[in-house]
Amino acid sequence: MRYSETHQLFDQACTFPAEHEAIVEQLGDVTLTTPADESYTVKEILEVTDETTYRSVDDLYATLLGNLDEEFVGLKYYDDRSGPAPGEEQVRGEADVF
């Protein structure tokens, strides 16, 4: 499962407010996959938090996102919105600029 799908999972599977231990017991075995096909369980990701209660699905989702390993980032420092960095060649032609 991709981490972006967990918000919907949490919303459908949990009643809030929810205790941390109840979330881990109910959904801890759900596996999240990084872009490099590494796998982590929800339990492994949430085990580093000090949270004891989640007031809403958004609180739980924010905690999960805040504790994701850097392997979930994909291409670090990638920006397809800016022009070339100083010293780099322009890849697109003038006609391709929007």
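What you see is a predicted model, and the numbers here were worked out from it, not measured in a lab. (Residues numbered from 1 in each chain as written. Predicted model: local features only at pLDDT ≥ 70, side-chain atom pairs only at ≥ 80, totals over all residues. Heavy atoms only, no water.)

Caption draft 1: Region of the structure containing a negative patch on the surface. A contiguous patch of negative charge on the surface is contributed by Asp-37, Glu-38, Asp-69 and Glu-71. Tracing the sequence through the fold places Asp-37 in the loop between strand E2 (31-33) and strand E3 (39-41). (Patch = residues over 30% accessible without salt bridge, like charges linked within 9 Å, V, L, I, M, F, W, Y side chains within 5 Å. Areas by Shrake-Rupley, 256 points an atom, 1.4 Å probe, with all protein chains shown as cover. Salt bridge = Lys/Arg side-chain N within 4 Å of Asp/Glu carboxyl O. Lys, Arg positive; Asp, Glu negative; His and termini not counted. Charge placed at Lys NZ, Arg CZ, Asp CG, Glu CD. Helix = DSSP H or I, 4+ residues; strand = E, 2+ residues; numbered from the N terminus.)

Caption draft 2: Inspection of the pattern of salt bridges at higher detail. One pass over the structure, following the stated rule, counts two salt bridges. Measuring nitrogen to oxygen at the nearest pair gives 3.4 Å for the salt bridge that ties Arg-2 to Glu-5. On the basis of relative accessible area, Arg-2 is assigned to the exposed category, the value being 55%. Residue class for Glu-5 comes out partly exposed when judged on its relative accessible area of 33%. Asp-59 is the salt-bridge partner of Arg-55, the closest N and O atoms lying 3.1 Å from each other. (Buried < 20%, exposed > 50% of the residue type's maximum accessible area, 1.4 Å probe, protein only.)

Nothing here speaks to function; it is all geometry.
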